[in-house]
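Coordinate inspection notes
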Amino acid sequence: MNKVFNRSLLPILLGILIGGASFYPFTYTNPISMSLIGGIKRNQWVTHFDLSMKNQNPWLRNYIAFIGLLGSIRPEVIYLESMSDDDGVKLSGKNDYVLRGIPPKSRYWSFVIYDYENSRIDPFEETVANSFRSTIKDNGEYEIILTANPEKYFGKQIINHGSNNFTIIMRIYGPDLKYYEDKNSIPVGRIKKVSPHG
């Protein structure tokens, strides 16, 4: 019986275990998946190009298919994703943050947050900021507060993380074509912890 198990069932069980362990990191946003899917890294942000091209990284293809991002070929859209602040600490639902940066040259841009399982956070309409609603300050930067307590920041542009740990995605639609020639020229935001909220 042991010989039958070792020759037939054990390899199958090991294959299932190894396959599951290999796939699991790509079911949610985490450092392992972010390192394997590759891309261009700018500070804490990771961006990917040619999301639906045939030479796409297979790990990235799997990740995009699982989390539901629509692949688009250039020059339609660029996604940037971050799961940590400027100090390299994971974005936590226990804290408030301020997101600042120069708007990209594009037709439209937006920020949206998701929890670590890539599920949307309710109320969803409060988890998005975009180029139509965001005020550009005199220094040319946007300023967006990431918080679970919008009432603390009256008159400010807010993204409500609802006390959930989260990742943030910047979506740039119709980007300047120069970004494809010089990928490091894409302007990325700075994420600073303001304070623990509560």
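It should be noted that the structure appears before, not after, this text.
Not measured: the values here are computed from a predicted model.

About the thresholds
- Residues numbered from 1 in each chain as written.
- Predicted model: local features only at pLDDT ≥ 70, side-chain atom pairs only at ≥ 80, totals over all residues.
- Heavy atoms only, no water.
- Core = buried A, V, L, I, M, F, W, Y, C linked by side-chain atoms within 4.5 Å.
- Buried < 20%, exposed > 50% of the residue type's maximum accessible area, 1.4 Å probe, protein only.
- Helix = DSSP H or I, 4+ residues; strand = E, 2+ residues; numbered from the N terminus.
- Contact = heavy atoms within 4.5 Å.
- Pairing = 2+ DSSP bridges.
- Salt bridge = Lys/Arg side-chain N within 4 Å of Asp/Glu carboxyl O.
- Polar contact = N/O pair within 3.5 Å; in protein donor to acceptor, adjacent residues only side chain to side chain.

**So, the nonpolar core**
Counting 24 residues, the largest nonpolar core has W45, F111 and I168 as the members making the most contacts within it. Here this core gets 4 residues from one element, more than from any other, and that element is strand β9 (residues 166-173). For I168, the residues in contact, after removing those within four places along its chain, are W45, L80, E81, S82, L91, L99, F111, V112, I113, L146 and I191.

**Focus: the environment of G162**
Secondary-structure assignment places G162 in the loop between β8 (157-160) and β9. Judged by relative accessible area, which is 35%, G162 ranks as partly exposed. With 12 residues separating them along the chain, G162 and P150 place their C-alpha atoms 9.7 Å apart. With residues up to four places along the chain from it excluded, the contact list for G162 reads T147 and A148.

**So, the pairing of strand β7 (residues 142-147)**
The buried count for β7 comes to 6 of 6 residues, which makes it a mostly enclosed element. In β7, alternate side chains face the same way, and those of Y142, I144 and L146 on one face and E143, I145 and T147 on the other are all buried. Pairing between strand β4 (residues 95-101) and β7: 5 bridges, direction antiparallel. Along β7, the bridge assignment pairs L99 with I144. Two elements, β7 and β8, share 4 bridges in a ladder whose sense is parallel. Following the sheet pairing, I144 is matched in β8 by Q157.

**Describing the pattern of salt bridges**
All told, the structure shown has 5 salt bridges when counted by the stated rule. One salt bridge in this structure joins K152 and D96, with 3.1 Å as the shortest N-O distance. On the criterion of sequence distance, the pair formed by K152 in the loop between β7 and β8 and D96 in strand β4 is long-range, its members being 56 residues apart. Exposure remark for K152: the relative accessible area of 41% places this residue in the partly exposed category. Given a relative accessible area of 0%, D96 falls into the buried group. With a closest N to O distance of 3.6 Å, R120 and D122 form a salt bridge. Here R120 matches D122 in class, with each residue exposed.

**What to know about the side chain of Q44**
With respect to the secondary-structure elements, Q44 resides in the loop between β1 (40-42) and β2 (45-48). Here Q44 falls in the buried class, since its relative accessible area comes to 14%. Side-chain polar atoms of Q44 contact the backbone oxygen of S84, separated by 3.5 Å. Polar contacts involving the side chain of Q44 include one to the side chain of D86, which spans 2.7 Å. In this view, Q44 contacts E81, S82, S84, D85, D86 and I191; residues no more than four positions away in its chain are not counted.

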